[in-house]
Amino acid sequence: MTEHVRIVEVGPRDGLQNEKSIIAARDKIELINRLSETGLACIEATSFVSPKWIPQLADAAEVFAGITRKPGVSYPVLVPNEQGFDRALAAGATEVAVFSAASEAFNKKNINASIDESIERFKPILLRAASSGVKVRGYVSTVLGCPYQGDVPVADVVRVARRMHDLGCYEISLGDTIGIGTPVKARDMLRAVADAVPMSALAVHFHDTRGQALANILACLEEGVRVVDSAVSGTGGCPYAHGASGNVATEDVVYMLEGMGMDTGVDLAQLIDTGRWLSALLGRASGSKVTIASDNA
Ligand code: HMG
Ligand code: MG
């Protein structure tokens, strides 16, 4: 039987949050609608964070209201606190993502909270989400290294992942925020977390800063993970993680998985077209090697 890998497309959120010039809401809406037609089943649409911290996504409510929600596709949004959750609910979101980190230093820079404080902030969100039928995904950042702290002990990753899973997050996405990991370290980290949280509730989220993302994903697939985060055209980066570059490109992930005989449900040609459209909009070359190869063919 063909194995299925679920791709969580984070381009409209992680991909765009670090863009310097403000992209019009109508273009963000078009991006999400185009992605919805490629067969992707999960598209992280935007963030209901403080517009002072992430000005690019200040239009979250307008974008969320403007998209055509395709049946069968989920559109999670990031929320850092109850204020964000209220805004997400008012906009009609049915899935949200909360985010913390394995590093205290990064969490402070990113959400102005300690790890403990962030978990306390998430508790009322999880309770209210459960009573309103909203699904909650959880992110743990800096799982393979931190731009402020340096090395991050695997035990810290395990502890935060377990706490978020215990709170009720249905899936924990393990983020190599600054793309510093290598395959053996990625596999060992995943193996340790999977002792505390079932593998079926884990996802991997690699930034490709040092060109290691696909190798890291392969190592994690071999370990048993079946959910991969990626961003069309390899866009992305976190403004509070200096040196972080784009996420692994969804086109390249789909190409690799198809080549391994795994099913993603994604139409690669259509995804490449959407990536080309986005590159033209952003005025720069695609970060997808598969797209560049197809352009040069
Ligand atoms: P703070 O300054 O401590 O918050 O920031 P505050 O509660 O003191 O509020 C300050 C102001 O923000 C107030 O407005 C609030 O109303 C407002 P004022 O009274 O000054 O006019 N505010 C909000 N407005 C709208 N929506 C909200 C909201 N909350 C407060 N939800 C806070 C704390 C968490 C708000 C801030 O630090 C923040 O928004 N951080 C988000 C940073 C971010 O989005 N980073 C990128 C996403 S994480 C990532 O990329 C990693 C990931 O991809 C995985 C990986 O790669 O590892 C997920
Ligand atoms: Mg990220």
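Asks: In this structure, what is going on with the sheet that holds strand β8 (residues 202-206)? I would like to understand it.
Replies: Paired through backbone hydrogen bonds, the strands of a sheet run either parallel or antiparallel to each other. Spatially, the nine strands line up as an open sheet ordered β2-β1-β9-β8-β7-β6-β5-β4-β3, and their pairing is parallel. A single partner strand is all that each edge strand has here, and the edge strands are β2 (42-43) and β3 (46-47). Bridge analysis of strand β1 (residues 6-9) against β2 gives two bridges, and the strand direction is parallel. By the bridge assignment, Glu9 is partnered in β2 with Ile43. Its contacts with the sheet place helix α6 (residues 115-132) against β5 (95-101) and β6 (135-141), and it is angled at close to 165 degrees to β5.

Asks: Can you walk me through the coordination of the magnesium ion (ligand 2) in this structure?
Replies: Reference geometry at the metal: tetrahedral coordination by four donors gives ideal angles of 109.5 degrees; octahedral coordination by six donors gives 90 or 180 degrees. Taken together, the protein ligands of the magnesium ion (ligand 2) are Asp14 (OD), His205 (NE2) and His207 (NE2), with distances of 2.0 to 2.3 Å. The motif formed by the donor residues of the magnesium ion (ligand 2), counted along the single chain, is D-x190-H-x1-H. Residue Asp14 is found in helix α1 (residues 11-15), and its partner His205 is found in strand β8; the two are separated by 191 residues along the sequence. His205 shares its class with Asp14; the two are buried.

Asks: Mind showing me how you'd approach the pairing of β5 here?
Replies: Where a strand is regular, its side chains alternate between the two sheet faces. The buried fraction of β5 amounts to seven of the seven residues, a majority that puts the element mostly inside the structure. The alternating pattern of β5 places Glu95, Ala97, Phe99 and Ala101 on one face and Val96, Val98 and Ser100 on the opposite face, and all of these are buried. Note that strand β4 (residues 77-78) and β5 share two bridges and pair parallel. Note on β5: the bridge partner recorded for Val77 is Val96. Traced from β4 through helix α4 (residues 82-91) to β5, the parallel crossover comes out right-handed. Examined bridge by bridge, β5 and β6 share seven bridges and lie parallel to one another. If you follow Val96 over to β6, its bridge partner there is Val136.

Asks: What is the right way to look at the state of the cysteines in this model?
Replies: Each disulfide is one covalent bond, formed between the sulfur atoms of two cysteines. Going through the model one piece at a time under the given rule, you end up with zero disulfides. No disulfide involves Cys169; its sulfur sits 14 Å from the nearest other cysteine sulfur, which is in Cys42.

Asks: For this particular structure, what's the right way to read α4?
Replies: One full turn of an α-helix is made of 3.6 residues, so residues set three or four places apart face in the same direction. Three or more residues of α4 are buried, namely Gly84, Phe85, Ala88 and Ala91. Angular distribution of buried residues about the axis of α4 spans 125 degrees; they occupy a single face of the element. Structural note: α4 exposes Gln83 and Ala90 on the side pointing more than 90 degrees away from its buried face.

Asks: How should the pattern of salt bridges be read in this particular structure?
Replies: Between side chains of opposite charge, pairing is possible as soon as their charged atoms come close. Under the definition given, this model contains 19 salt bridges. Taking the shortest distance from any N to any O, the salt bridge between Arg159 and Asp156 comes out at 2.5 Å. Taken together, the residues span about one helical turn, with Arg159 and Asp156 both in helix α7 (residues 154-167) at a distance of three residues. Linking Glu223 and Arg191 is a salt bridge whose minimum nitrogen-to-oxygen distance equals 2.9 Å. One end of the pair, Glu223, is in helix α9 (residues 213-223); the other, Arg191, is in helix α8 (residues 183-194), and 32 residues separate them in sequence. Each of Arg6, Arg137, Glu171 and Asp229 takes part in salt bridges that share partners, so that together they form one network.

Asks: Can you walk me through the site of ligand 1 in this structure?
Replies: The immediate surroundings of ligand 1 are formed by 28 residues, with Gln17, Lys52, Asn112, Ser141 and Thr177 found nearest. Arg87 places a side-chain nitrogen or oxygen 2.8 Å from a nitrogen atom of ligand 1. At 2.6 Å, a side-chain N or O of Thr177 approaches an oxygen atom of ligand 1. Against a free-state accessible area of 1100 Å², the protein chains account for coverage of 76% of ligand 1. Sorting the residues of the shell around ligand 1 by element identifies α1, α4, α5 (104-111) and β6 as the ones contributing at least two each. For the shell around ligand 1, the element with the highest residue contribution is α4, accounting for three residues. The class makeup of the residues in the shell around ligand 1 is eleven nonpolar, twelve polar and five charged.

Asks: I'm lost on the packing of aromatic side chains in this one. Help?
Replies: Any two aromatic rings considered together are summarised by their centre-to-centre distance and by the angle between their planes. Taken as a whole, this structure holds zero aromatic pairs when the rule is applied. A cation over an aromatic ring shows up here: Lys135 above the ring of Tyr170, its NZ or CZ 4.3 Å from the ring centre. Its guanidinium or amino end placed over the ring of Tyr139, Arg137 lies 5.4 Å from that ring's centre, counting from NZ or CZ.

Asks: What exactly am I supposed to notice about the packing of α9 against helix α10 (residues 250-259) here?
Replies: Helix packing geometry: the angle between the two helix axes and the distance between the axes. One can describe the packing of α9 onto α10 by two numbers: an axis separation of 11 Å at closest approach and a directional angle of 45 degrees. Relative to α10, the element α9 lies oblique. α10 is crossed by α9, and the crossing has right-handed handedness. Where α9 approaches α10, its residues Leu214, Ile217, Leu218 and Leu221 are matched on the opposing element by Asp252, Val253, Met256 and Leu257. Here the contact of α9 with α10 is composed, by residue class, of seven nonpolar, no polar and one charged.

Here is what the cut-offs are and how they apply
- Residues numbered from 1 in each chain as written.
- Chains lettered and ligands numbered in written order.
- Predicted model: local features only at pLDDT ≥ 70, side-chain atom pairs only at ≥ 80, totals over all residues.
- Heavy atoms only, no water.
- Pairing = 2+ DSSP bridges.
- Helix = DSSP H or I, 4+ residues; strand = E, 2+ residues; numbered from the N terminus.
- Contact = heavy atoms within 4.5 Å.
- Axes fitted to C-alpha atoms, helices over the stretch in contact; angles between N-to-C directions.
- Donors = N, O, S within 2.8 Å, 3.2 Å for Na, K, Ca; no water.
- Buried < 20%, exposed > 50% of the residue type's maximum accessible area, 1.4 Å probe, protein only.
- Right-handed = clockwise from strand over helix to strand, strands pointing away.
- Disulfide = S-S within 2.5 Å.
- Arc of directions from axis to C-beta.
- Salt bridge = Lys/Arg side-chain N within 4 Å of Asp/Glu carboxyl O.
- Near = heavy atom within 4 Å.
- Polar contact = N/O pair within 3.5 Å; in protein donor to acceptor, adjacent residues only side chain to side chain.
- Areas by Shrake-Rupley, 256 points an atom, 1.4 Å probe, with all protein chains shown as cover.
- Nonpolar A, V, L, I, M, F, W, Y, C, P; charged D, E, K, R; others polar.
- Phe/Tyr/Trp six-rings, centres within 6.5 Å; stacked < 30°, edge-to-face > 60°.
- Lys NZ or Arg CZ within 6 Å of the ring centre and 35° of its normal.
- Parallel < 35°, antiparallel > 145°, perpendicular 65-115°, else oblique.
- Left-handed = near helix turned anticlockwise from the far one by under 90°.

So yeah, pure geometry; function would need other evidence.
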